[in-house]
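Descriptive analysis of the structure
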Amino acid sequence: MNFIIFMPDELRAESMGCYGHPLDVTPNLDAFAAQGTRFDQCHVQHTVCSPSRCSMLTGWYPHVRGHRTLWHLLRPDEPNLFRYLREAGYDVHWFGKNDALSPESFVSSVNEAGSKGRGYPFGPSPWSPEDPQYYSFLHEPWADSLDHHSDQANVQAAIDLLRNRSGTTDRPFVLYLPLLYPHCPYSAPEPWHSRFQPEQVADGLRPANLPGKPSFHSGMRELRRLDQCPEDLFAKVNAVYLGMTAFNDHLFGRLMDELESSPFREDTTVLYLSDHGDYAGDYGLVEKWPSAAEDVITRVPLIIRTPGGREGHVVAEQVELFDIMPTILGLAGVEAGHTHFARDLTPQLHGRPGDSDRMVFTEGGYDPHEPHCFEGRNEDWGELHPYWPKLTLQQRDAGTIGRTATVRTSTHKLTRRNGDISELYDLVRDPLETVNLIDQPEYQGIQRELELVLLDWYMTTSDVTPFDENPRGHTFRNRS
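In this report, the structure presented in the accompanying data block is examined.

All right, on to the overall build of the protein then. Looking only at helices and strands, the protein features 14 helices and 13 strands. Computed over the C-alpha atoms, the radius of gyration of the protein is 22 Å, within 12% of the 23 Å expected from 2.2 N^0.38 for a compact globule of 480 residues. The principal-axis extents of the C-alpha atoms in the protein amount to approximately 60 × 60 × 50 Å. The 480 residues of the protein split such that 59% are buried. Accessible area of the protein: about 19300 Å², with a carbon and sulfur share of 49%. In the protein, 43 side chains carry a positive charge and 69 a negative one; their mean positions are 4 Å apart.

This is the structure in structure tokens:
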């Protein structure tokens, strides 16, 4: 069994046609979903790139080994999916960004790694620093040659790999494509940049300045000056975000066309997924936040097509992104050698329903006792840098970035924060998460129940004990 893992960055599920978006954003992926299994409610374990990917490759929640920052990646003493596969005889090819493995871990986990093209495939900002829209991340179209676009160049490297391996099929392969789009800045090549119009999406955006939201909502709107921007800015952001998603769909279609005509079509499992979502104008916000927990940030696509799997199957029940680790190992016939908390989804790939009682968990944020985790420590960040407001808010007000834990059932979501407002939502009555019910008398029973669930979850997953043992007894030699 070969594996292709196609991974856009910061793509929320609801912006895709097969997940319910009314516009024709992802025709190639919609067709792909009809060929495999689509998981309707896949949620990430963290809402920032690096921690999410560390969880994805290990089956660990971020708190298990402290992988909650941008800079603490998987090290050689820690397990990861790619090392298991390489040790089992797979060739692992990696084209795209990292955000997962420490530099010293690549030698044991990956045969080939790198990113092609030019590293920043976004157009320039059209705004002067005095314009409130300067920090909006809404940029002009990317106007260079598509051959230089890093996402297209990395997909082309994958296509070339399939062509060049056609005569050498003795070793199975993993092809991992961690791409950049639709991560902000919001900018795409034409015609994708202008494919959707703001008026097509404006009515569907979640409103800004809702009561009961954590303080980073108002803090980011203030420091990014989003509260001073024209009202149609957020619809423009959302429209370009959809254009970036459509460009990603175009690249996915190119790769699938190559796979269909290759010798590997019948023995390759293809996975399409993302590490977390993006506000993309919802709630009057852009980008993401390390302690955010709304569905636009936690709910991501997960579509898997495997040989012999059920076509057009939809799993409505909740799953977690890190479930792909035991699922891939199971399909490859490789056993994990460490304790993890993810579940093998292979039965669902063959038509089984999911677990209707399953709860899913997301966490994030940092605590004041760990300043080495906070962003914005680099003196090179100046006021003209687009991330300056975000980094400033974290450094200025640690409460906005405090540790956060979320449990989501099929009907309710509870988010506990240690430095900011906690949240409780009735997802049946309020799927857009606009009315915070925390501490409301009529919801006290549900709140208490979910708080106990979080406590039990932490007790069960707080650490992992290695499988190997050290000798006890008289282990010291007399040196006298």
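A few words on the sheet that holds strand β13 (residues 423–426). Overall, antiparallel pairing links the four strands, which are arranged β10-β11-β12-β13 in an open sheet. Each edge of the open sheet is held by one strand with a lone partner, namely β10 (360–364) and β13. Taken pair by pair, the neighbouring strands of this sheet meet at an average axis angle of 10°, ignoring direction. Strand direction decides the pairing type here: strand β11 (residues 404–408) and strand β12 (residues 412–417), joined by five bridges, are antiparallel. By the bridge assignment, Val407 is partnered in β12 with Leu414. Its contacts with the sheet put helix α14 (residues 444–461) on β10, β11, β12 and β13, and the angle it makes with β12 is roughly 65°.

The next thing to look at is the pairing of β11. Across the five residues that make up β11, a large majority, five, are buried. Burial of β11 is two-sided: the residues Thr404, Thr406 and Arg408 facing one way and the residues Ala405 and Val407 facing the other way are all buried. Both β10 and β11 contribute to a ladder of five bridges, which runs antiparallel. When the bridges of β11 are listed, Phe361 appears paired with Val407. Taking the residues between adjacent antiparallel strands as the criterion, β11 and β12 are bridged by three residues.

Here the focus is helix α6 (residues 150–164). The end-to-end C-alpha distance of α6, which contains 15 residues, comes to 21 Å, matching closely the 21 Å that a straight helix rising 1.5 Å per residue would cover. If you check which residues of α6 are buried, you get Ser150, Asp151, Gln152, Ala153, Asn154, Val155, Ala157, Ala158, Ile159, Leu161 and Leu162. Buried residues belonging to α6 abut β1 (2–7), β3 (91–95), β4 (112–114), β5 (173–178) and α9 (233–260).

The omega torsion of the bond from Tyr181 to Pro182 falls at 0°, within 30 degrees of zero and hence cis. With respect to the helices and strands, the residue Pro182 is situated in the loop between β5 and α7 (198–201). Across the junction of Cys184 and Pro185, the peptide omega takes the value 10°, indicating a cis bond. Note that Pro185 resides in the loop between β5 and α7. For Asn209, which is not glycine, the phi torsion reads 60° and is therefore positive. By secondary structure assignment, the location of Asn209 is in the loop between α7 and α8 (215–223). One non-glycine residue, Tyr283, lies in positive phi territory at about 60°.

Okay, the environment of Pro178 next. If you trace the backbone, Pro178 turns up in strand β5. In this structure, the C-alpha to C-alpha distance between Pro178 and Phe6, residues 172 residues apart in sequence, is 6.6 Å. Residues contacting Pro178, with those up to four places away along its chain left out, are Met7, Arg53, Trp94, Phe95, Gly96 and Lys97.

A few words now on helix α2 (residues 49–58). Among the 10 residues in α2, 10 count as buried, and that is most of the element. Taken residue by residue, α2 has Cys49, Ser50, Pro51, Ser52, Arg53, Cys54, Ser55, Met56, Leu57 and Thr58 as its buried positions. Buried residues along α2 sit against β1, α3 (62–65), α4 (81–87), β5, β6 (268–273) and α11 (324–332). One or two residues past the end of α2 sits Gly59, with phi positive at roughly 75°.

Our next topic: the nonpolar core. Counting residues in hydrophobic clusters, the biggest one holds 61 residues, and the most contacted among them are Phe6, Tyr186, Leu255 and Tyr272. Listing elements by their share of this core, those giving two or more residues are β1, α1 (27–33), α6, β5, α9 and β6. In terms of residue count, the dominant contributor to this core is α9 (16 residues). Not counting chain neighbours up to four residues away, the residues in contact with Tyr272 comprise Phe6, Pro8, Leu11, Met16, Leu29, Phe32, Asn248, Phe252, Pro301, Leu302 and Ile303.

Once that is clear, we can look at the side chain of Thr298. Along the chain, Thr298 falls in helix α10 (residues 295–298). Within the local environment of Thr298, its side chain forms a polar contact with the side chain of His43, the two groups lying 2.9 Å apart.

Quick look at the packing of aromatic side chains now. Counted under the stated rule, the structure contains 27 aromatic pairs. Centroid distance Phe6 to Tyr272: 5.7 Å. Interplanar angle 20°. Geometry classified as stacked. A residue pair is termed long-range when its members are at least 10 positions apart, and Phe6 in strand β1 and Tyr272 in strand β6 qualify at 266 residues. Per residue, the accessibility class of Phe6 equals that of Tyr272, and both read buried. Centre to centre, the rings of Trp94 and Tyr176 are 4.8 Å apart; their planes meet at 85°, and the pair counts as edge-to-face. One end of the pair, Trp94, is in strand β3; the other, Tyr176, is in strand β5, and 82 residues separate them in sequence. Comparing Trp94 with Tyr176, the two get one shared label, buried.

Parameters and conventions
Residues numbered from 1 in each chain as written. Predicted model: local features only at pLDDT ≥ 70, side-chain atom pairs only at ≥ 80, totals over all residues. Heavy atoms only, no water. Helix = DSSP H or I, 4+ residues; strand = E, 2+ residues; numbered from the N terminus. Rg over C-alpha atoms; globule rule 2.2 N^0.38 Å. Buried < 20%, exposed > 50% of the residue type's maximum accessible area, 1.4 Å probe, protein only. Areas by Shrake-Rupley, 256 points an atom, 1.4 Å probe, with all protein chains shown as cover. Lys, Arg positive; Asp, Glu negative; His and termini not counted. Charge placed at Lys NZ, Arg CZ, Asp CG, Glu CD. Pairing = 2+ DSSP bridges. Axes fitted to C-alpha atoms, helices over the stretch in contact; angles between N-to-C directions. Contact = heavy atoms within 4.5 Å. Expected span 1.5 Å × (residues − 1). Core = buried A, V, L, I, M, F, W, Y, C linked by side-chain atoms within 4.5 Å. Polar contact = N/O pair within 3.5 Å; in protein donor to acceptor, adjacent residues only side chain to side chain. Phe/Tyr/Trp six-rings, centres within 6.5 Å; stacked < 30°, edge-to-face > 60°.

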